[in-house]
Amino acid sequence: MSQSKTLKKTNKDLSLVSGAKYISKNRFDGKVAVITGSSYGIGYSIAERLGLEGCKVVICSRKQENVDVALSKLKKQNIQAAGVQCHISNANDREKLYKKALEEFGGINIFVSNVGVNPKICPVLECQESEWDKTFDVNLKSPYLLAKEILPYIKRNNNGGKMLFISSISAFGNITEFGAYSVSKCALNALTKLIAGQLAEDNIQVNCIAPGLVDTPFADAIFKTARFYEQTINSTPMRRYAEPHEIAGVAAFLVSDDASYITGEIIVAAGGMSSRL
Ligand SMILES: NC(=O)c1ccc[n+]([C@@H]2O[C@H](COP(=O)([O-])OP(=O)(O)OC[C@H]3O[C@@H](n4cnc5c(N)ncnc54)[C@H](OP(=O)(O)O)[C@@H]3O)[C@@H](O)[C@H]2O)c1
């Protein structure tokens, strides 16, 4: 058994996180969502949740084979889904992504910017320039550019729309080893608020989720390092990590009409971890 599996067994009362029980089948009828970084992990869970609630979903990731596997899992659940290979930092790939949504489903109502990377786990002053550049390129610049590229299509609907950015609890500067990554996520929080302000009168709500530790491949470095894992769980009042669907549930709420009067918010889903800057 891998160390990661051993650590997972320490999660408290898994019956509490067994999955969403009350999924509406039609909350997103007639809506199209583009979700970045969605072949596995949190992005996939968001695509699955929106799809199960009637949304047409367009997914992407760097590797076509991962997109294909995800698409087949979604389609097996009768979700209307399309997908493309897209590296979020590549302008041509980004164009391929939103054009796929337009070609397959005729428009875009919801944009979920989920991709995020942390090329080096180290305190901020130990980060190399190339690592800093990659972090800010993928976590901040590319989400910003794609939001601007997709915006005209959301506006074209004339009935508003939604944008959602996936940040991190580390944006609040509380995890020393997540140096540059935390700074990029903090900037993403500010970007959320600024875009939200600019689009408020267009009836486009723009929000952000700051997750704590979630069981995905991204978090493997934490799950596989006992010191990191214990530090993280000990600073989480709920004393457990999240399953991806727990973030997807929050995302589904924020991009639904149930959240029609919420904009510019950073919603922390981190088991009670401190979120003061
Ligand atoms: N997991 C956590 O504990 C945690 C906590 C706080 C915040 N977050 C944030 O939540 C978001 C999702 O994290 P996750 O844990 O689900 O990550 P993950 O397990 O690494 O999954 C990332 C997804 O994005 C794709 N991807 C990676 N780089 C990409 C790129 N440059 N362009 C397009 N697609 C790309 C991956 O597929 P390919 O490999 O095929 O590209 C995969 O589908 C990130 O923004 C992360 O910062 C995660």
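Residues numbered from 1 in each chain as written. Predicted model: local features only at pLDDT ≥ 70, side-chain atom pairs only at ≥ 80, totals over all residues.

Enquirer: Help me understand the site of the ligand, please; the structure alone is not making it clear to me.
Expert: Within the structure, the ligand sits among 31 residues, and Gly37, Gly41, Ser61, Gly116 and Phe218 are positioned closest to it. Counting only elements with at least two residues in the shell around the ligand, the list comes to α2 (41–52) and β2 (56–61). No other element matches the 3 residues that α2 contributes to the shell around the ligand. Residues belonging to the shell around the ligand are distributed by class as follows: 15 nonpolar, 14 polar and 2 charged. (Near = placed C-beta within 6 Å. Helix = DSSP H or I, 4+ residues; strand = E, 2+ residues; numbered from the N terminus. Nonpolar A, V, L, I, M, F, W, Y, C, P; charged D, E, K, R; others polar.)

Enquirer: Would you take a moment to explain the pairing of strand β5 (residues 161–166) for this structure?
Expert: Put simply, side chains in a regular strand alternate between the two faces of the sheet. Counting buried positions over the 6 residues of β5 gives 6, a clear majority of the element. Residues Gly161, Met163 and Phe165 line one face of β5 and the alternating positions Lys162, Leu164 and Ile166 line the opposite face, and both faces are buried. Inspection of the sheet shows strand β4 (residues 110–113) paired to β5 by 4 bridges, in the parallel sense. What sits directly across from Ile110, in β5, is Lys162. Crossover β4 to β5 through helix α5 (residues 129–156) is right-handed. Relative to strand β6 (residues 204–211), β5 runs parallel, the two sharing 6 bridges. The residue of β6 that forms the bridge with Phe165 is Cys208. (Buried ≥ 20, exposed ≤ 12 C-beta atoms within 10 Å, placed from the backbone. Pairing = 2+ DSSP bridges. Right-handed = clockwise from strand over helix to strand, strands pointing away.)

Enquirer: Please clarify how the sheet that holds β4 should be interpreted in this entry.
Expert: Paired through their backbone hydrogen bonds, the strands of a sheet run either parallel or antiparallel. Within the open sheet, the 7 strands sit side by side as β3-β2-β1-β4-β5-β6-β7. Their pairing is parallel. Of all the strands in the sheet, just β3 (81–85) and β7 (266–269) have a single pairing partner and so form its edges. With strand direction ignored, the average angle separating the axes of adjacent strands in the sheet is 15 degrees. Inspection of the sheet shows β6 paired to β7 by 4 bridges, in the parallel sense. Bridge pairing in β7 places Pro211 opposite Ala269. Strand contacts of helix α3 (residues 64–76): β2 and β3, with the helix running at about 175 degrees to β3, the strand carrying the most contacts. (Axes fitted to C-alpha atoms, helices over the stretch in contact; angles between N-to-C directions. Contact = placed C-beta atoms within 7 Å.)

Enquirer: Teacher, can you tell me more about α2 here?
Expert: An α-helix turns once per 3.6 residues; consequently, residues spaced three or four apart project the same way. Compared with an ideal rise of 1.5 Å per residue, which puts 12 residues at 16 Å, α2 spans 17 Å between its outermost C-alpha atoms and is within 8% of the ideal. Within α2, 12 of the 12 residues are buried, which leaves the element mostly enclosed by the surrounding structure. Of all the residues in α2, the buried ones are Gly41, Ile42, Gly43, Tyr44, Ser45, Ile46, Ala47, Glu48, Arg49, Leu50, Gly51 and Leu52. One or two residues past the end of α2 sits Gly54, with phi positive at roughly 95 degrees. (Expected span 1.5 Å × (residues − 1).)

Enquirer: Looking at this structure, I do not really get the environment of Ile88. What am I missing?
Expert: Residue position: Ile88 is located in the loop between β3 and α4 (91–105). Measuring from C-alpha to C-alpha, the distance between Ile88 and Arg276 comes to 30 Å, with 188 residues separating the pair along the chain. For Ile88, the contacting residues outside a window of four places in its chain are Thr36, Arg94, Val115, Val138, Ser142 and Leu146.

Enquirer: Honestly, unusual backbone geometry in this entry has me stumped. Any pointers?
Expert: Phi angles above zero are rare outside glycine, and Asn158 is one such case at about 60 degrees. Residue position: Asn158 is located in the loop between α5 and β5. Of note, Arg239 is a non-glycine position whose phi angle comes to about 55 degrees, a positive value. With respect to the element layout, Arg239 can be found in the loop between α8 (226–234) and α9 (244–254).

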